[in-house]
Amino acid sequence: MGFNCGIVGLPNVGKSTLFNALTATAAAQAANFPFCTIEPNVGRAAAPDPRLDAITAISKSRKVTPTHLEFVDIAGLVKGASRGEGLGNKFLANIREVDAVIHLVRCFTDDGVVHVAGDVDPLRDAEIIETELMIADMESLERRLVPLTKKARGGEREAKETLPVVERALAVLQDGCPARRVPIAEEERRAFRGLQLLTAKPVLYVCNVDEEAATGNARTEAVAALAAEEGAESVVISARIESELAELTDAGERAAYLDSLGLHETGLDRVIRAGYHLLDLITFFTTGPTESRAWTVRRGAKAAAAAGGVHTDFERGFIRAETISYGDFIALGGEQAARDAGRMRSEGRDYVVADGDIMLFRFNV
């Protein structure tokens with residue numbers, strides 16, 4: 001169950017540098033689960049989770065497989081992208097395919113790296129990209145409005161359900177707000193998702209700083225305030241520090257280097273954790289002597305759907321999910337001890353998976 005985040009930003013904010021740094025950092029810090037480059041601009045990084053290590057140790061698993069996030073380095077955006085300027089059309093097509101947007105903004109000054117706008121202003125940069133995406137969304141909805149209205153008047157059920165959602169979203173966008181602000185009732189969510197609006201996607205602002213501002217500066221504070229106002233997330237990261245970390249192959253040396261900068265984890269770890277929170281993801285585990293593995297689902301996922309993420313046959317022939325909480329598994333020392341203590345539960349297909357659940361799926365096909 002992979003989830004992906006598209007990295008977007010104006011030219012010369014460090015977008016490709018960040019992508020390359022994340023690639024190299026992941027390869028250096030987790031040789032067993034390297035960042036996997038799928039295409040020149042797509043890669044996956046293992047999500048750090050100490051619970052998986054603890055489960056693996058108890059189960060004495062021969063193999064361990066973490067869950068991951070996928071990063072997509074999307075073509076740079078320029079002002080006018082919504083009208084096809086630069087690589088605008090490619091940018092807009094690529095961003096529609098991702099689950100969330102990592103919006104990289106430049107928060108460092110470097111005379112050797114020219115900013116396309118002439119000076120460094122992360123809030124202005126964020127507004128440029130947001131404006132281009134909102135324009136693209138408005139144009140998309142305006143094209144749909146007339147034919148949708150005709151179909152709704154003709155009594156077509158789906159059109160009648162979708163039309164008020166389109167009208168409400170268009171009004172919000174015309175007021176200068178992203179589609180994330182559109183009030184949507186539960187029964188309208190399917191129609192809203194079908195609109196594939198760019199500004200409906202959750203946003204993670206990543207502030208690229210220099211080494212001297214590894215923990216943040218006035219610019220990153222302004223971005224954090226913007227993110228809080230929008231209900232988004234923000235993370236401070238230095239692509240340069242990530243590049244230097246990638247050159248350190250020893251875990252102790254990496255830890256010492258981070259400590260010298262007043263940091264406790266890599267930027268990659270912070271980005272992944274923020275991405276999971278942004279997408280409202282949780283992790284459940286499967287374990288045994290052969291393999292311990294982490295799986296990602298959205299919060300609220302039910303047992304049968306989680307089983308389907310492991311294998312489609314598991315969902316099709318779902319019988320039950322034998323479930324142990326992470327706390328019980330660790331405290332009691334494994335599956336058999338939890339079973340003997342009556343702490344293994346038999347859950348049905350509509351059971352809502354909890355973060356940290358250790359699950360054994362019973363099925364019949």
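Residues numbered from 1 in each chain as written. Predicted model: local features only at pLDDT ≥ 70, side-chain atom pairs only at ≥ 80, totals over all residues. Heavy atoms only, no water.

What's the story with unusual backbone geometry in this structure? I'm lost.
Among all residues save glycine, negative phi is the norm, and among peptide bonds the norm is trans. Positive phi is not limited to glycine here, since Lys-60 has a value of about 55°. Residue class for Lys-60 comes out exposed when judged on its relative accessible area of 65%. (Buried < 20%, exposed > 50% of the residue type's maximum accessible area, 1.4 Å probe, protein only.)

How should I be thinking about helix 8 (residues 239–246) in this particular structure?
Because each turn of an α-helix spans 3.6 residues, side chains separated by three or four positions in sequence point in the same direction. Considered for burial, the residues of helix 8 that qualify are Ala-239, Ile-241, Glu-242, Leu-245 and Ala-246. Looking down the long axis of helix 8, one finds its buried residues gathered within 160° of arc, a one-sided arrangement. (Helix = DSSP H or I, 4+ residues; strand = E, 2+ residues; numbered from the N terminus. Arc of directions from axis to C-beta.)

So what exactly am I meant to see when it comes to the packing of helix 4 (residues 122–153) against helix 5 (residues 157–174) here?
Each pair of packed helices gets described by two things: the angle between the helix axes and the distance between those axes. Relative to each other, helix 4 and helix 5 sit at 150°, their axes nearing to 9 Å. When the interaxial angle is binned, helix 4 and helix 5 end up roughly antiparallel. In the packing of helix 4 onto helix 5, the handedness of the crossing is left-handed. Along the contact surface, helix 4 presents Met-134, Asp-137, Met-138, Leu-141, Glu-142, Leu-145, Leu-148, Thr-149, Lys-151 and Ala-152, while helix 5 presents Ala-159, Lys-160, Thr-162, Leu-163, Val-166, Glu-167, Ala-169, Leu-170, Leu-173 and Gln-174. (Axes fitted to C-alpha atoms, helices over the stretch in contact; angles between N-to-C directions. Parallel < 35°, antiparallel > 145°, perpendicular 65-115°, else oblique. Left-handed = near helix turned anticlockwise from the far one by under 90°. Contact = heavy atoms within 4.5 Å.)

Is there a simple way to explain the side chain of Thr-199 in this structure?
Mapped onto the elements, Thr-199 comes out in the loop between helix 6 (189–194) and strand 7 (203–208). On the accessibility criterion, Thr-199 (1% relative accessible area) is buried. One polar contact links the side chain of Thr-199 to the main-chain amide nitrogen of Ala-179, over a distance of 2.8 Å. (Polar contact = N/O pair within 3.5 Å; in protein donor to acceptor, adjacent residues only side chain to side chain.)

Any chance you could explain the pattern of salt bridges here in plain terms?
Side chains bearing opposite charge may pair, as long as their charged atoms lie close to each other. Evaluation of the coordinates by the stated rule reveals 18 salt bridges. Two residues, Glu-322 and Arg-362, come together in a salt bridge whose shortest N-O distance is 3.4 Å. Separated by 40 residues along the polypeptide, Glu-322 in strand 11 (residues 318–324) and Arg-362 in strand 13 (residues 358–363) bring together distant segments of the chain. Judged by relative accessible area, Glu-322 falls into the buried class, the value being 8%. For Arg-362, a relative accessible area of 32% gives the class partly exposed. Here Arg-339 ties to Glu-335 by a salt bridge, and the two come within 3.2 Å at their closest N and O atoms. Of the two residues, Arg-339 and Glu-335 are both situated in helix 14 (residues 335–340); the distance of four residues between them amounts to about one turn of the helix. The exposure class of Arg-339 is partly exposed, given its relative accessible area of 34%. Residue classification places Glu-335 among the partly exposed positions, given a relative accessible area of 30%. In this structure, a network of salt bridges that share partners links the residues Arg-320, Glu-322, Glu-335, Arg-339 and Arg-362. (Salt bridge = Lys/Arg side-chain N within 4 Å of Asp/Glu carboxyl O.)

Shape is all these values report; function is a separate question.
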